[in-house]
Amino acid sequence: GEFVLPEEIEMRNPQRVTQLLEQRPGIQVRRTGSCQVITTCYRVYGTGGCAATVFLDGQRLNRLETAANDGSGAVAIDELIPVTGVSGIEIYPRGASAPPRYQSLAGTCGVVVIWTK
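Model, not experiment: these values are computed from the prediction. (Residues numbered from 1 in each chain as written. Predicted model: local features only at pLDDT ≥ 70, side-chain atom pairs only at ≥ 80, totals over all residues. Heavy atoms only, no water.)

S.K.: Any chance you could explain the pattern of salt bridges here in plain terms?
M.R.: Between side chains of opposite charge, a pair can form when the charged atoms approach closely. Throughout the structure, instances matching the rule amount to four salt bridges. Between Arg12 and Glu8 there is a salt bridge whose closest N-O contact spans 3.3 Å. Here Arg12 pairs with Glu8, and both are found in helix 1 (residues 6-12), just four residues apart, close to one helical turn. A salt bridge links Glu22 to Arg16; its shortest N-O distance comes to 2.9 Å. Classification of Glu22 by relative accessible area gives partly exposed; the value is 29%. Each member of the salt-bridge network shares a partner with another, and the members are Glu2, Glu8, Arg12 and Arg24. (Salt bridge = Lys/Arg side-chain N within 4 Å of Asp/Glu carboxyl O. Helix = DSSP H or I, 4+ residues; strand = E, 2+ residues; numbered from the N terminus. Buried < 20%, exposed > 50% of the residue type's maximum accessible area, 1.4 Å probe, protein only.)

See below:
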């Protein structure tokens, strides 16, 4: 996996959590629709457009059945936590490469584990 540490968060000074995930291998951050409220605009996907499985402090945020195969289950991370509350992020391009606790059923889509302060 790839890790976003507190030093990188401070150095990059992002405005939203999803900015920390942009340009990471196996992860895509996409603006959805024509949304007006910035915190609801961005979603995180894995390779092939499936919704990345997202965990916040060890708790799964998206439904199990949608995360495995379907892009509609992507979570609006920025709406749930301010970037100032993030202490670190783990990024796994495929579910099979994540620690067993965080592996999705299909094992193909990306996994993002966010830890708060």
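Next comes the rest of the account.
S.K.: Sorry if this is basic, but what is going on with the pairing of strand 4 (residues 53-56) here?
M.R.: Look at any regular strand and the pattern is simple: side chains alternate between the two faces of the sheet. Neither face of strand 4 is open: one carries Thr53 and Phe55, the other Val54 and Leu56, and all of them are buried. One ladder, built from four bridges, connects strand 4 with strand 7 (residues 111-116); its direction is parallel. Paired with Thr53 across the two strands is Val111, which belongs to strand 7. Pairing of strand 4 with strand 5 (residues 59-60), which is carried by two bridges, proceeds in the antiparallel orientation. Directly across from Leu56, in strand 5, lies its bridge partner Gln59. Count of turn residues in the strand 4/strand 5 antiparallel hairpin: two residues, of which Asp57 carries a positive phi of about 50°. (Pairing = 2+ DSSP bridges.)

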